[in-house]
Amino acid sequence: MSKGKPTRAPEVGIIYLVGEKLWIDSTPVAQAMNFGGYLIHERDHQRYWRLLVKRGVVPNSQYERYPRGRVSYNKKSGIFTFEADRCILREKKLVNAILSRMHLPARSTETGTDSLYRCVRCLGRSL
Ligand SMILES: [Zn+2]
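## Structural notes on unusual backbone geometry
The phi angle of most residues is negative, glycine excepted, and most peptide bonds adopt the trans form. Even without glycine at this site, His-103 takes up a positive phi of about 55°. On the secondary structure map, His-103 appears in the loop between helix H3 (92-101) and strand E7 (109-112). Judged by its relative accessible area of 21%, His-103 is partly exposed.

## Details of helix H1 (residues 45-55)
Among the residues of H1, His-45, Tyr-48, Trp-49 and Leu-52 are the ones counted as buried. Taken end-on, H1 shows its buried residues confined to a sector of 100°, consistent with a single buried face. Counted as exposed and oriented over 90 degrees from the buried face of H1: Arg-50 and Lys-54. Next to the buried residues of H1 lie strand E1 (11-18), strand E2 (21-28) and strand E5 (68-74). Two or three places before Gln-46, at the opening of H1, Asp-44 has a side-chain oxygen 3.3 Å from that residue's backbone nitrogen. Where H1 ends, the next residue or the one after it, Gly-56, has phi of about 75°, a positive value.

## Structural notes on the coordination of the zinc ion
Around the zinc ion, the protein supplies Asp-85 (OD), Cys-87 (SG), Cys-119 (SG) and Cys-122 (SG) as donor atoms, at distances of 2.0 to 2.3 Å. The sequence pattern formed by the donor residues of the zinc ion is D-x1-C-x31-C-x2-C.

## Focus on the nonpolar core
Counting 20 residues, the largest nonpolar core has Ile-15, Val-71, Phe-80, Phe-82, Ile-88, Ile-98 and Met-102 as its most contacted members. Elements represented by at least two residues in this core include exactly E1, E2, E5, strand E6 (79-84) and H3. If one sorts the elements of this core by residue count, H3 sits on top with four residues. Discounting residues that sit within four places of it in the chain, Val-71 has contacts with Glu-11, Val-12, Gly-13, Ile-15, Phe-80, Thr-81, Phe-82, Met-102 and Leu-104.

## A short note on the pattern of salt bridges
With the rule as written, the count across this model stands at one salt bridge. Ionic pairing is found between Arg-43 and Asp-25, a salt bridge with its closest N-O pair at 2.6 Å. With Arg-43 in the loop between strand E4 (38-40) and H1 and Asp-25 in strand E2, this pair connects stretches of sequence that are 18 residues apart. Residue classification places Arg-43 among the partly exposed positions, given a relative accessible area of 25%. A relative accessible area of 12% places Asp-25 in the buried class.

Basis of the calculations
In this convention, every chain numbers its residues from 1, walking through the sequence in written order. Given that this is a predicted model, residues contribute local features only at a pLDDT of at least 70 and side-chain atom pairs are listed and counted only at 80 or more, while totals for whole chains, interfaces and linings are drawn from all residues. Neither water nor hydrogens contribute to the side-chain values; these are computed over all heavy atoms in the structure. Strands here mean DSSP runs of E at least two residues long; helices mean DSSP runs of H or I at least four residues long; both are numbered from the N terminus. The buried label goes to any residue with under 20% of its type's maximum accessible area, the exposed label to any with over 50%, and the partly exposed label to all in between, with areas taken from a 1.4 Å probe on protein chains only. Throughout, the arc means that of the directions going from the helix axis to the C-beta atoms. Contact between two residues is taken to exist if any of their heavy atoms lie within 4.5 Å; hydrogens are not considered. The definition of a polar contact used here is a pair of N or O atoms within 3.5 Å, where within protein one atom must be able to donate a hydrogen and the other to accept one, and adjacent residues in sequence count solely through side-chain atom pairs. Here a donor is an N, O or S atom found within 2.8 Å of the metal, or within 3.2 Å if the metal is Na, K or Ca; sites may look incomplete because water is not among the atoms. As used here, the term nonpolar core means buried Ala, Val, Leu, Ile, Met, Phe, Trp, Tyr and Cys residues forming a set that is joined through side-chain atoms within 4.5 Å. Just to be clear on terms, a salt bridge is a Lys or Arg side-chain nitrogen sitting within 4 Å of an Asp or Glu carboxyl oxygen.

What follows is the structure in structure tokens.
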């Protein structure tokens, strides 16, 4: 869905998958926070989860239960990194939806897993 804005600046941000629904909290890369050699979204997963719980749109449970991910921007390489739970990455449809909603250039976006981003299902499998 277009917001009718002429510019589509790429964004960095954090992502949750709750059931079938994606929750994305993001910032245009030009307004993102410096973190080492990266530009990242300022709000972290925990704070974003509390906000969603407060709004009553997600279950009031531990944020670690749900698949999550993060898009950051590597200032040196000019590459966006999308790190996420396997539950998100194995669904091409979801990955495409995220890239498109955050206006990420497919050619300069790398996707991968991060051991940080493992939901209870993934953790259960690896134990
Ligand atoms: Zn998972």
